Amino acid sequence: MREKLTDSELIDKIKNGFQPAYAELINRHKNYAFTLANRILNNREEAEEAAQDAFMKVFSQINTFNAESKFTTW
């Protein structure tokens with residue numbers, strides 16, 4: 001049985017070039033990101049776009065994550 005990695009472990013893998021870890025991180029948090037964006041924007045299409053934009057920014061800035069906070073608050 002495969003052990004479930006923490007968000008910090010996934011991020012470490014992403015930082016080391018293991019891109020499948022990014023897909024796992026997105027799958028783990030995509031519903032939360034969409035729900036939060038939808039509550040703020042009150043528009044499904046805009047919320048989907050905002051969540052996607054947030055994950056694109058995460059990917060471009062992943063090297064700045066230092067695990068002092070939870071991934072979801074970063």
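Use the structure listed above.
Right, let's walk through the structure included here.

With that settled, the discussion passes to the packing of aromatic side chains. With the rule as written, the count across this model stands at four aromatic pairs. An angle of 45 degrees between the planes, with centres 6.2 Å apart, marks the rings of Phe 71 and Trp 74 as tilted. Chaining the aromatic ring pairs together yields one cluster made of Phe 65, Phe 71 and Trp 74. For Lys 13, the ring lying beneath its charged end belongs to Phe 18, and the centroid distance is 5.6 Å.

So, on to the packing of helix α2 (residues 20–41) against helix α3 (residues 44–61). Where α2 contacts α3, the two axes come as close as 8 Å, and the packing angle between them is 140 degrees. In terms of axis orientation, α2 runs oblique to α3. Here the hand of the crossing between α2 and α3 comes out right-handed. Contact with α2, carried on its side by Tyr 22, Ile 26, His 29, Lys 30, Ala 33, Phe 34, Ala 37, Asn 38 and Leu 41, involves Arg 44, Glu 46, Ala 47, Glu 48, Ala 50, Ala 51, Phe 55, Met 56, Val 58 and Phe 59 of α3 and no other residues of that element. Looking at the contact of α2 with α3 residue by residue, the classes come out as 13 nonpolar, two polar and four charged.

Taken together, the side chains of Tyr 32, Leu 36, Ile 40 and Leu 41 present a nonpolar region at the surface, about 410 Å² in accessible area. Tracing the backbone shows Ile 40 in helix α2. Since its relative accessible area comes to 65%, Ile 40 is described here as exposed.

Judged by nonpolar contacts, the single largest core of 13 residues is most densely connected at Ile 11, Ile 14, Tyr 22, Leu 25, Val 58, Ile 62 and Phe 71. Looking at this core, the elements with two or more residues in it are α1 (7–15), α2 and α3. Tallying contributions element by element places α2 first for this core, with four residues. Apart from residues no more than four positions distant in its own chain, Leu 25 is found in contact with Asp 7, Leu 10, Ile 11, Ile 14 and Phe 71.

For the coordinates displayed, the defined rule picks out three salt bridges. Between Glu 24 and Arg 28 there is a salt bridge whose closest N-O contact spans 3.5 Å. Taken as a pair, Glu 24 and Arg 28 lie in helix α2 at a separation of four residues, close to a single helical turn. Its salt-bridge partner being Glu 48, residue Arg 44 comes within 3.4 Å of it at the nearest N-O pair. Of this pair, Arg 44 and Glu 48 both sit in helix α3, four residues apart, which is roughly one turn of that helix. A relative accessible area of 40% means that Glu 48 is categorised as partly exposed.

Definitions and limits used
Residues numbered from 1 in each chain as written. Predicted model: local features only at pLDDT ≥ 70, side-chain atom pairs only at ≥ 80, totals over all residues. Heavy atoms only, no water. Phe/Tyr/Trp six-rings, centres within 6.5 Å; stacked < 30°, edge-to-face > 60°. Lys NZ or Arg CZ within 6 Å of the ring centre and 35° of its normal. Axes fitted to C-alpha atoms, helices over the stretch in contact; angles between N-to-C directions. Helix = DSSP H or I, 4+ residues; strand = E, 2+ residues; numbered from the N terminus. Parallel < 35°, antiparallel > 145°, perpendicular 65-115°, else oblique. Left-handed = near helix turned anticlockwise from the far one by under 90°. Contact = heavy atoms within 4.5 Å. Nonpolar A, V, L, I, M, F, W, Y, C, P; charged D, E, K, R; others polar. Patch = residues over 30% accessible without salt bridge, like charges linked within 9 Å, V, L, I, M, F, W, Y side chains within 5 Å. Areas by Shrake-Rupley, 256 points an atom, 1.4 Å probe, with all protein chains shown as cover. Salt bridge = Lys/Arg side-chain N within 4 Å of Asp/Glu carboxyl O. Buried < 20%, exposed > 50% of the residue type's maximum accessible area, 1.4 Å probe, protein only. Core = buried A, V, L, I, M, F, W, Y, C linked by side-chain atoms within 4.5 Å.

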